[in-house]
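One-letter residues, chain by chain:
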Amino acid sequence: MSLGIMPSVATSQTSRENLQKIHTRLSEGFTDLRKQVVKEPNGFIKYPYLIPAGFYSQLWDWDAFFMANHFISKGQPEYMKNWVLTFSQGIDDDGYVAGCMTKDGPRNVYSGRFAMKPFLSQGAYHYSKATGDWEWLRPLYKSLNKVIDYRRKTQCDSISGLYFWEIAMQSGADNNPALNYFKEDTRSFLSTDATAFQYGELKAQAAIARKLGYEDDAKALTSEAENLKKALNKICWNEEDECYYNIDRETREPYRRVGYSTFVPLMYNMAPMGNGQKMIKRYMLPESEMKAPYGFRSLSKSDVDYNNKNIIVPFSNWQGPVWGICNYIYSIGLHNYGFPEEVEWLAEKVGGLMAKDLDDYGTMHETYHADTGEPLAPSNFKYRTPDGRIQGFVSWNLCMENVLDGILNNNWMLLEIE
C-alpha cells in the first residue's frame, strides 16, 4: 500500500495527521522487514541473532544493540539476551571482545584493535529491566566487569580520565572528521561519544551490581560514572563556543568540529540543562549547522568537509548525510532537553524518508542526502530475499518507529538507565 508520503519542506507546525500516517506506514512495513534482520544460529553464534539485512551476515555491536532494543519494545526481548550471550562468549582472558561476531568466531580486524563499543552492560541492563530477570547475569557479572576494566586500561586517558577510541573505525562513525580516520593520521582524541557510551556502561553495570546485591561495586561504579561526567563537562565543554569538542590528547587543545558525536552526551543527560539547551539552539537547530531540509545532518554544514557523497566502501559517509541512528540519538537528546516540537519535526522528516523508501522499494537505505532527500547507500540492490524481493538496509532504522510511537502514544524508547 502506498500512502504517497513525502517529507515536506520545513513547516512551522508539524502535522499530527501526517505523523500518524508515517507511523502507520512504518509499523506495517517494519513487520515484514524485522523478519529480514533475524538470522538462525550458525557456528560460533549459538543463538538467533540480528543483522542489518542486505549484504550483512555478521553480528555487529551497536547495530544489534539498537535493533534489539526495538525488538524489546515489540515484546521480543530474547534477541538482546542472545546478543549479550554471544558477545560474552567472545571475551578473552584480558577482557578484550571484538566489535563483530561471525559464524567462525570474533572478527579481529585492525590488529585486534577493533574492540566492542561500550554497550555490553547496557544491553544486559535493558533486557533485565524489560523482563525483570536479573539472576541470569550472575554467572556473567565478572566477565562484564572484565570488559569494563579492559577499556579502562586501554582506552582511558590517564591524565583526564576521559575515554578515546583506539582507532576511529572502532567508533562506528567511520569517517567522522572529529576523529582521525586515515592510517597516516596518528592523532588520538578524548572523544565525546566514547566517553558518553562508557558513562552509560558504568551506570548500567552499577545498576546490575545493585540488583545482584553487590552494593560496594554499585557504589564504586556510580561514583566512577559521576566523576566521568564531571570530567567531560570540565574538559570537553567549551564555554565560549557553547559546545562539546573532542580534545587532542597530545596538545590538549579542543578540536573544533561539530557533528554527530558532539551530541551523544545529550543522550545520557550528561550536560547541565542550560548547557544542553544552548548547544542545541546554537548548533542543532540552525540550517547553517545540523538542521537540513530532510532531517538532521551527521556533520555541520559549516564544516569544511561537509558533503553528501554516496559512499559505503571503504567506509560509510558520516560527513553530512542523514542517518537513522544519528537522528534517533538526536531525538533522545532533544527530548531530554525540552524540545518536543523539534522531535516531531525530526520524526516527520526522517520518518517520511523511510516511509517513501518503503513505498518506492519495499525496503530502506542506510543514508539519505540531507539537502535533497535522495536515497544514498546502498546505491544498488544486489541482495534479494528468498522470494526475490530486494533487500536494503534495515538495522537501527527500525528505531524511528519508536520515536513516532513516543510522540503519538507517549510510549518512548529513551534507553534510560535508572
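Bear in mind the structure is a predicted one, so any value in this text is a computation, not a measurement.

Enquirer: Looking at this structure, I do not really get the packing of helix H1 (residues 16-36) against helix H11 (residues 340-361). What am I missing?
Expert: Any two packed helices are characterised by the angle at which their axes cross and by the distance between the axes. Taken N-terminus to C-terminus, the directions of H1 and H11 make an angle of 45°; their axes are 9 Å apart at the nearest point. With respect to H11, the axis of H1 lies oblique. The chirality of how H1 crosses H11 is left-handed. Seen from H1, the contacting residues are Arg-16, Asn-18, Leu-19, Ile-22, Arg-25, Leu-26, Gly-29, Phe-30 and Leu-33; seen from H11, they are Glu-344, Ala-347, Glu-348, Gly-351, Gly-352, Met-354, Ala-355, Leu-358 and Asp-359. Residues of the contact of H1 with H11, tallied by class, amount to nine nonpolar, four polar and five charged.

Enquirer: I keep staring at the sheet that holds strand S10 (residues 254-255) and nothing clicks. Help me out?
Expert: Within a beta sheet, neighbouring strands are joined by backbone hydrogen bonds and run either parallel or antiparallel to one another. The strand order across the open sheet formed by three strands is S6-S9-S10, and the pairing between neighbours is antiparallel. What marks the edges here is a single partner per strand, and that holds for strand S6 (189-190) and S10.

Enquirer: Can you walk me through the sheet that holds strand S4 (residues 100-102) in this structure?
Expert: Pairing is antiparallel in the open sheet, where three strands are placed in the order S3-S4-S5. Single-partner strands in this sheet number two, and they are strand S3 (59-60) and strand S5 (105-106). In this sheet, S5 lies alongside S4 in antiparallel orientation, the contact comprising two bridges. Opposite Thr-102, over in S5, you have Gly-105 as the bridge partner.

Enquirer: Mind showing me how you'd approach the side chain of Ser-160 here?
Expert: Note that Ser-160 resides in the loop between helix H5 (141-155) and S6. Among the polar contacts listed, one links the side chain of Ser-160 to the side chain of Asp-157, at a separation of 2.8 Å. Polar side-chain contacts of Ser-160 include one of 3.1 Å to the backbone nitrogen of Leu-162. With sequence-adjacent residues up to four places away left out, Ser-160 is seen in contact with Leu-190, Ala-231, Ile-235 and Arg-252.

Enquirer: Quick question: what am I supposed to make of the packing of aromatic side chains here?
Expert: Given two aromatic rings, their pairing is described by the distance between the two centres and the angle made by the two planes. A full pass over the atoms with the stated rule returns 30 aromatic pairs. Taking 6.5 Å as the distance between ring centres and 65° as the angle between the ring planes, the aromatic pair formed by Trp-323 and Trp-396 counts as edge-to-face. Of this pair, Trp-323 sits in strand S13 (residues 322-323) while Trp-396 sits in the loop between strand S14 (367-368) and helix H12 (399-409), and the two are 73 residues apart along the sequence. By relative accessible area, which is 1% here, Trp-323 ends up buried. Here Trp-396 falls in the buried class, since its relative accessible area comes to 3%. The ring of Phe-44 carries Lys-46 above its face, with NZ or CZ at 5.6 Å from the centroid. Looking at Arg-249, its charged tip hangs above the ring of Phe-164, at a distance of 3.8 Å from the centre.

Calculation notes
Residues numbered from 1 in each chain as written. Predicted model: local features only at pLDDT ≥ 70, side-chain atom pairs only at ≥ 80, totals over all residues. Heavy atoms only, no water. Axes fitted to C-alpha atoms, helices over the stretch in contact; angles between N-to-C directions. Helix = DSSP H or I, 4+ residues; strand = E, 2+ residues; numbered from the N terminus. Parallel < 35°, antiparallel > 145°, perpendicular 65-115°, else oblique. Left-handed = near helix turned anticlockwise from the far one by under 90°. Contact = heavy atoms within 4.5 Å. Nonpolar A, V, L, I, M, F, W, Y, C, P; charged D, E, K, R; others polar. Pairing = 2+ DSSP bridges. Polar contact = N/O pair within 3.5 Å; in protein donor to acceptor, adjacent residues only side chain to side chain. Phe/Tyr/Trp six-rings, centres within 6.5 Å; stacked < 30°, edge-to-face > 60°. Buried < 20%, exposed > 50% of the residue type's maximum accessible area, 1.4 Å probe, protein only. Lys NZ or Arg CZ within 6 Å of the ring centre and 35° of its normal.

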